[in-house]
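Listed here are the chains, written in short residue letters.
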Amino acid sequence: EEKTTAEVKTLRETLEARGAAALAARDQTFKKDLDDAISAERREAAAAVDAEKSAAAAELEAFSEAARMDRDERVEAERRAAAAAVEAEKNAGAAAAELATNA
């Protein structure tokens, strides 16, 4: 009976040790899987942030280009208006000179 009790005790200790080892292994696997999932989510979030930054930079560049085009068009229109004003003044001066000559 003592031998049976000792065998049962040894068997119990062995099973408990195996169970503890299995739990520790499962815990390690779970922690690794969790760390891997967290790392993957962080990488995905960083990639999404980078994509948003790139999109914002492209949009800003598009707006800047549009503003440059608008500015260039305004400058050209002002140049044409100034040239037309100069031409009108020349014509007015010529007309005044002609009237003075005819008078």
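Residues numbered from 1 in each chain as written. Predicted model: local features only at pLDDT ≥ 70, side-chain atom pairs only at ≥ 80, totals over all residues. Heavy atoms only, no water.

## Here we look at the overall build of the protein
Note the cut-off: Strands here mean DSSP runs of E at least two residues long; helices mean DSSP runs of H or I at least four residues long; both are numbered from the N terminus. As defined in this context, the radius of gyration uses C-alpha atoms, and a globule is described by 2.2 Å times the residue total to the power 0.38. Remark: exposure states derive from per-residue accessible area (1.4 Å probe, protein chains only) relative to the maximum for the residue type, with buried under 20%, exposed over 50%, and partly exposed in between.
Of regular secondary structure, the protein possesses 1 helix and 0 strands. The C-alpha radius of gyration computed for the protein amounts to 44 Å, which surpasses the reference 13 Å derived for 103 residues by more than 25%, pointing to a less compact arrangement than a globule. Seen along its three principal axes, the alpha-carbon backbone of the protein occupies a region of about 150 × 10 × 5 Å. Put simply, the protein has 103 residues, and 0% of those count as buried.

## As for the pattern of salt bridges
Under the convention used in this document: Salt bridges, as used here, are contacts in which a Lys or Arg side-chain nitrogen is within 4 Å of a carboxyl oxygen on Asp or Glu.
Across all of its chains, the model carries 6 salt bridges by this definition. Arg-68 is the salt-bridge partner of Glu-65, the closest N and O atoms lying 2.7 Å from each other. Residue Glu-65 and its partner Arg-68 are both found in helix H1 (residues 2-102); the two are separated by 3 residues, about one turn of the helix. Given the relative accessible area of 30%, Arg-68 is considered partly exposed. Two residues, Glu-76 and Arg-79, come together in a salt bridge whose shortest N-O distance is 2.6 Å. With Glu-76 and Arg-79 both in helix H1 and 3 residues apart, this pair spans about one turn of that helix. Owing to a relative accessible area of 47%, Arg-79 belongs among the partly exposed residues under this scheme.

These figures come from the coordinates and say nothing about function on their own.
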